[in-house]
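Residue-level structure breakdown
Residues per chain, in single letters:
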Amino acid sequence: MTSKAEPAARETLGYEQARDELIEVVRRLEAGGTSLEESLALWERGEELARVCRRWLEGARARLDAALAEEAAQDGDDSE
């Protein structure tokens, strides 16, 4: 299965790397021809990759929201 060291390494994946690997995992699952154990391992890897992507997107959204809030605050200060 997976080792305990792997999750830390996976968290260092960039968004694009995780997304590309997730696409490959989905392609392999859809193609079939893998054993049940292989399919489960792919599914688990896909879930992990989806979490990595989600964290990146949530972080980007938070940064965007903060930038927009700062811009709105500056615009409010300029109008006085």
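About the thresholds
- Position numbers for residues start from 1 in each chain and track the written sequence from start to end.
- Where local features are concerned, this predicted model is filtered to residues with pLDDT of at least 70; where side-chain atom pairs are given and counted, the filter is 80 or more; whole-chain, interface and lining totals use all residues.
- Calculated side-chain values reflect all of the structure's heavy atoms, with hydrogen atoms and water omitted.
- Helix and strand assignments follow DSSP, with helices taken as H or I runs no shorter than four residues and strands as E runs no shorter than two, numbered in order from the N terminus.
- The cut-offs for exposure are 20% and 50% of the maximum accessible area for each residue type, with area from a 1.4 Å probe on protein chains only; residues under the lower value are buried, those over the upper are exposed, and the others partly exposed.
- Computed with the Shrake-Rupley method and a 1.4 Å probe, the accessible areas treat only the protein chains shown as cover for residues.
- To estimate the expected span of a helix, count its residues, drop one, and scale the result by 1.5 Å.
- Within a predicted model, pLDDT stands for the predictor's per-residue confidence, ranging from 0 to 100.
- Contacts between residues were defined by any pair of non-hydrogen atoms, one from each residue, lying within 4.5 Å.
- The term salt bridge refers to a side-chain nitrogen of Lys or Arg lying within 4 Å of a carboxyl oxygen of Asp or Glu.
- Nonpolar cores were defined as sets of buried Ala, Val, Leu, Ile, Met, Phe, Trp, Tyr and Cys residues, with membership established by side-chain atoms within 4.5 Å.

Summing up its helical and strand segments, the protein chain has three helices and zero strands in all. The order of α-helices and β-strands along the protein chain, N terminus first, is α-α-α. For the protein chain, the residues scored as buried account for 15% of the 80 residues in total. Accessible area of the protein chain: about 6300 Å², with a carbon and sulfur share of 55%.

Turning our attention to helix H2 (residues 15-31). Its 17 residues give H2 an end-to-end C-alpha distance of 24 Å, which sits within 8% of 24 Å, the value for a rise of 1.5 Å per residue. Once H2 finishes, Gly 32 follows within two positions and takes phi at roughly 70°, a positive value.

Taken as a whole, the protein chain shows an average pLDDT of 88; of its residues, 82% reach a score of 70 or greater. The model gives residues 1-5 a pLDDT under 50, and that stretch makes two contacts with residues more than four places away or in other chains.

On to the pattern of salt bridges. Evaluated as defined, the whole model comprises four salt bridges. Notably, a salt bridge pairs Glu 21 with Arg 45, separated by 2.7 Å at the nearest N-O pair. Of this pair, Glu 21 sits in helix H2 while Arg 45 sits in helix H3 (residues 36-78), and the two are 24 residues apart along the sequence. Under the relative-accessibility criterion, Arg 45 is labelled buried at 16%. For the salt bridge of Asp 65 with Arg 61, the shortest nitrogen-to-oxygen distance reads 3.5 Å. Within this pair, Asp 65 and its partner Arg 61 are both found in helix H3, separated by four residues, close to a single helical turn. Among the residues examined, Asp 65 registers a relative accessible area of 38% and is labelled partly exposed.

Let's shift gears to the nonpolar core. Ranked by size, the top nonpolar core spans seven residues in total: Leu 13, Ala 18, Val 25, Leu 42, Leu 49, Val 52 and Cys 53. Where this core is concerned, the elements lending two or more residues are H2 and H3. Looking at this core, the element that brings in the most residues is H3, giving four residues. If we skip the residues at most four places from it in the chain, Cys 53 touches Tyr 15, Ala 18 and Arg 19.

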